[in-house]
Amino acid sequence: MNREQHLAAATEALTKAKTIADTAEHLTRGSTRHAEGFHLAAVGTLYNDMARNHIELARELAKDAPEPTDD
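In short, a report on the structure. Bear in mind the structure is a predicted one, so any value in this text is a computation, not a measurement. (Residues numbered from 1 in each chain as written. Predicted model: local features only at pLDDT ≥ 70, side-chain atom pairs only at ≥ 80, totals over all residues. Heavy atoms only, no water.)

Our next topic: the overall build of the protein chain. Across its full length, the protein chain holds two helices and zero strands. What you see for the protein chain is a C-alpha radius of gyration of 17 Å, clearly larger than the 11 Å of a compact globule of 71 residues, by over 25%. Taking the principal axes of the C-alpha coordinates as reference, the protein chain spans close to 65 × 15 × 15 Å. Looking at the 71 residues of the protein chain, the share that counts as buried comes to 20%. If you take every contact in the protein chain between residues at least 6 apart in sequence, the share linking residues at least 24 apart comes to 63%. Per element, the accessible surface of the protein chain, about 5,400 Å² overall, is 56% carbon and sulfur. (Helix = DSSP H or I, 4+ residues; strand = E, 2+ residues; numbered from the N terminus. Rg over C-alpha atoms; globule rule 2.2 N^0.38 Å. Buried < 20%, exposed > 50% of the residue type's maximum accessible area, 1.4 Å probe, protein only. Contact = heavy atoms within 4.5 Å. Areas by Shrake-Rupley, 256 points an atom, 1.4 Å probe, with all protein chains shown as cover.)

Right, here's the structure in full:
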């Protein structure tokens, strides 16, 4: 994967994490499905971790990029 692909994957993972977090919050607040909400929160955490990993990989790829020249 190149830097842009890692950034796109990070964005996608963060979007999923937010959606899952919103659903988990709803389930743990006013529902009898608390356990499901807690499980979803754990899945949201995994997506957040995936996003962090992709961001870190994109950062490392940016460090390895050749310096621009003033031609």
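To continue, consider helix α1 (residues 3-30). Along an α-helix, a turn takes 3.6 residues, which lines up residues three or four apart on a common side. Helix length check: α1 (28 residues) gives 41 Å between terminal C-alpha atoms against 40 Å at 1.5 Å per residue, within 8%. Taken together, the buried positions of α1 are occupied by H6, A9, A10, A13, A17, I20, A24 and L27. Those residues of α1 that are buried are in contact with α2 (34-64). The N-cap of α1, judged by a side-chain oxygen 3.1 Å from the amide nitrogen of E4 a few residues on, is N2. (Expected span 1.5 Å × (residues − 1). Polar contact = N/O pair within 3.5 Å; in protein donor to acceptor, adjacent residues only side chain to side chain.)

In short, the description is geometric, and any link to function would need to be established separately.
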